[in-house]
Amino acid sequence: MTTNTPRVRFAPSPTGQLHLGGARTALFNWLFAKHHHGKFLLRIEDTDRQRSKQEHVDQICESMLWLGLTWDEGIVYQSKRLDIYQKAIQSLLKTDNAYRCFCSKDDLSRQREEAQKRGDGYQYNQACRNISEDVIEQKLSSSTPFTLRLRVPEKVITFKDRIYGEINVNTSELDDFIIARTDGHPTYNLVVVVDDDDMGITHVIRGEDHISNTPKQILIYDALVLPTPEFAHLPMILGPDKRRLSKRHGATGVQEYRDMGYLSEALNNYLALLGWNPGTEEEIFSLPRLTDVFSVEQIQKKPAVYDEKKLQWVSGQHLFKLSGKELMTGVRSIFPDWQKNEEDTYIENVCELLKLRAKSLTELKNISTYFFKDPKSYEEKAVRKRWKNDSVNSLVKQLLDELTSLENWTESGAEISLRKVAEEEGVSAGKLIHPVRLALSGVSAGPSLFAMMKLLGKETCLRRIETALGKLPTL
RNA sequence: GGCCCGUUCGUCUAGUGGUUAGGACUCAGGGUUUUCAUCUCUGCAACAGGAGUUCGAUUCUCCUACGGGCUACCA
């Protein structure tokens, strides 16, 4: 009965896009499976016909693929397994673990409202728990709609959570909860149990919001005489206001992070750090490395607050590790037409030169514009500081002449020329470097000027310097 | 309201019955750099509160406070 290789699953309901919390749940499941050489399965919980949408299924799958969280077997759709749930339902009815409840929805919600008004906790009054066969026959023959409720026994349910430890719940806190609706469709707690058993799930790793569902599910496992899997509940991810992460905290969808230019590996890395730590001071992980060091024991109990600043830092760390070629490919994965007319080698060199200065692919793209187009304007503040008056023009003109005659256009060649002019004119190199940077890029910040010059090429540099001489210092 | 879970710098976290309570991000300042970024150094900053156990509690127990989750014919 005991299997050595764990089988875990991620079971989103397709009522929206994959968000950060879901992504982390998927990631932890995936890491657990891979770490133990087990299987990671995907199940779509689409029994809510109204809210489930195929586009969300597609979006979720796409997001998971982008994150690199691939699933090992075919996707299980609950909507296609209705007959299997029926069998479980019939069996529960036959064994008297479930009973028909003929109470109307309206009556029940009225009772609930009244209980709430009194400030009491509502529980189903078990009106139908022990009605006689005769009454049942009568209701059935008159086609009175009914739901099926689990006959919850009186006991204390104990289970061991891999993260929270032992949890005890007295069933007196539980309803005879509904396991099948009036239309015969099963409800969540029932399908989860049937599916998890059917899929051979050994470890249920899910959000902490399911912790209170667990005793209910254990009751169903027992009623169905099925072995219970192990449980591990993950703490929630909170927004900066300490409330559950949601739209009002800005981006929450995985795809939005991709579109903002974050690398999937960086997002995985950051998500892993939210509620988990390796037990060492290592912080930057590739997915394989994460798989190696991951362990459920290091997962935190308390909810973690999402911090975009740290995500950005992690992202920058990952970005820096990529080659120019990988970065170019990355930017084009978001902006397919990015610099399509340029030489790949040139773009790669640009990326290589700028990667230390970008936290995301989008930022990388944004700060690279002047490598592809002459600056249209010049940063005003920088002009005031670096190109105060016409004396700068004569200085730059000197350099322009020197550069024009420079035959060997290299980084050091450019540097030697510039320093030579500066020395001849009796000024510090900075007096020349800053204005030239402005002329070439239009901005005051950027990589080494001489590396820039080398990359831009002689022709472009001369042209831009000439243009600037004509436009500055007048704005 | 009831039940379950939690509480170390602003945030992510390490940690122990006796520690100067450590690291990372952020922020501030210094150094390096032609600028920015990187890098580096320094600084700011935490054991929720109260009892109890103990020679000694951040660490163990209880209570309170606060936070989160659940309390559907949603999942």
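Note that the structure is predicted; figures quoted are calculated from it, not measured.

**Structural notes on unusual backbone geometry**
Its identity as a non-glycine residue notwithstanding, Gln126 has a phi of 60 degrees, on the positive side. Mapped onto the secondary structure, Gln126 falls in the loop between helix H4 (105-118) and helix H5 (133-141). Its relative accessible area of 35% is what places Gln126 among the partly exposed residues. Phi at Lys242 takes a positive value of approximately 70 degrees, unusual for a residue other than glycine. Topologically, Lys242 is positioned in the loop between strand E11 (237-238) and helix H8 (254-259). Residue classification places Lys242 among the exposed residues on the basis of a relative accessible area of 59%.

**Considerations on the pattern of salt bridges**
Counting across every chain of the model gives 29 salt bridges. Its salt-bridge partner being Arg129, residue Asp176 comes within 2.8 Å of it at the nearest N-O pair. Here Arg129 lies in the loop between H4 and H5 and Asp176 lies in the loop between strand E7 (165-170) and strand E8 (178-180), a separation of 47 residues in the sequence. Under the relative-accessibility criterion, Asp176 is labelled buried at 2%. Looking at Arg129, the relative accessible area reads 18%, which means it is buried. Residues joined in a network through salt bridges with shared partners are Arg9, Arg43, Glu45, Arg81, Asp195, Asp196 and Asp198.

**Overview of the layout of surface pockets**
Roughly 1100 Å³ of volume is contained in the largest pocket. Forming the boundary of the largest pocket are 41 residues, of which Pro12, Ser13, His19, Asp209 and His210 lie nearest the centre. Of all the elements in the fold, those that place two or more residues in the lining of the largest pocket are strand E1 (7-10), helix H1 (20-35), helix H6 (188-198) and strand E9 (203-207). Estimated volume of the second largest pocket: approximately 620 Å³. Forming the boundary of the second largest pocket are 22 residues, of which Lys105, Leu108, Thr147, Arg149 and Ile178 lie nearest the centre. Sorting the residues of the lining of the second largest pocket by element identifies H4, strand E5 (147-150) and H6 as the ones contributing at least two each.

**Examining the packing of aromatic side chains**
With the rule as written, the count across this model stands at eleven aromatic pairs. Ring centres of Phe159 and Phe231 lie 5.9 Å apart, and the angle between their planes is 70 degrees; on these two criteria the pair is classed as edge-to-face. With Phe159 in strand E6 (residues 156-161) and Phe231 in strand E10 (residues 230-234), this pair connects stretches of sequence that are 72 residues apart. When sorted by exposure, Phe159 lands in the same class as Phe231, which is buried. On the basis of an interplanar angle of 65 degrees and a centroid distance of 5.9 Å, the ring pair of Trp276 and Phe285 is categorised as edge-to-face. The same class applies to Trp276 as to Phe285, namely buried. Site record: aromatic cluster; members linked through ring pairs are Phe28, Trp276, Phe285 and Phe294. One cation-aromatic arrangement involves Arg24 over Phe28; the distance from NZ or CZ to the ring centre is 5.3 Å.

**Describing the protein's contact with RNA strand B**
Around RNA strand B lies a shell of 58 residues, among which Arg181, Glu283, Arg357, Ile433 and Gly446 are the nearest. At the protein interface, 74% of the atoms of RNA strand B within 4 Å belong to sugar or phosphate. One of the backbone nitrogen or oxygen atoms of Gly446 is found 2.5 Å away from a base nitrogen of RNA strand B. Among the secondary structure elements, those contributing two or more residues to the surface near RNA strand B are H4, strand E12 (304-305), helix H11 (308-321) and helix H18 (430-441).

Calculation criteria
Residues numbered from 1 in each chain as written. Chains lettered and ligands numbered in written order. Predicted model: local features only at pLDDT ≥ 70, side-chain atom pairs only at ≥ 80, totals over all residues. Heavy atoms only, no water. Helix = DSSP H or I, 4+ residues; strand = E, 2+ residues; numbered from the N terminus. Buried < 20%, exposed > 50% of the residue type's maximum accessible area, 1.4 Å probe, protein only. Salt bridge = Lys/Arg side-chain N within 4 Å of Asp/Glu carboxyl O. 1 Å grid on protein atoms, 1.4 Å probe; cavity = no way out; pocket = protein on both sides within 12 Å on 5 of 7 lines; lining within 4 Å. Points joined across faces, edges and corners; volume = space filled by probe spheres on them. Phe/Tyr/Trp six-rings, centres within 6.5 Å; stacked < 30°, edge-to-face > 60°. Lys NZ or Arg CZ within 6 Å of the ring centre and 35° of its normal. Near = heavy atom within 4 Å. Polar contact = N/O pair within 3.5 Å; in protein donor to acceptor, adjacent residues only side chain to side chain.

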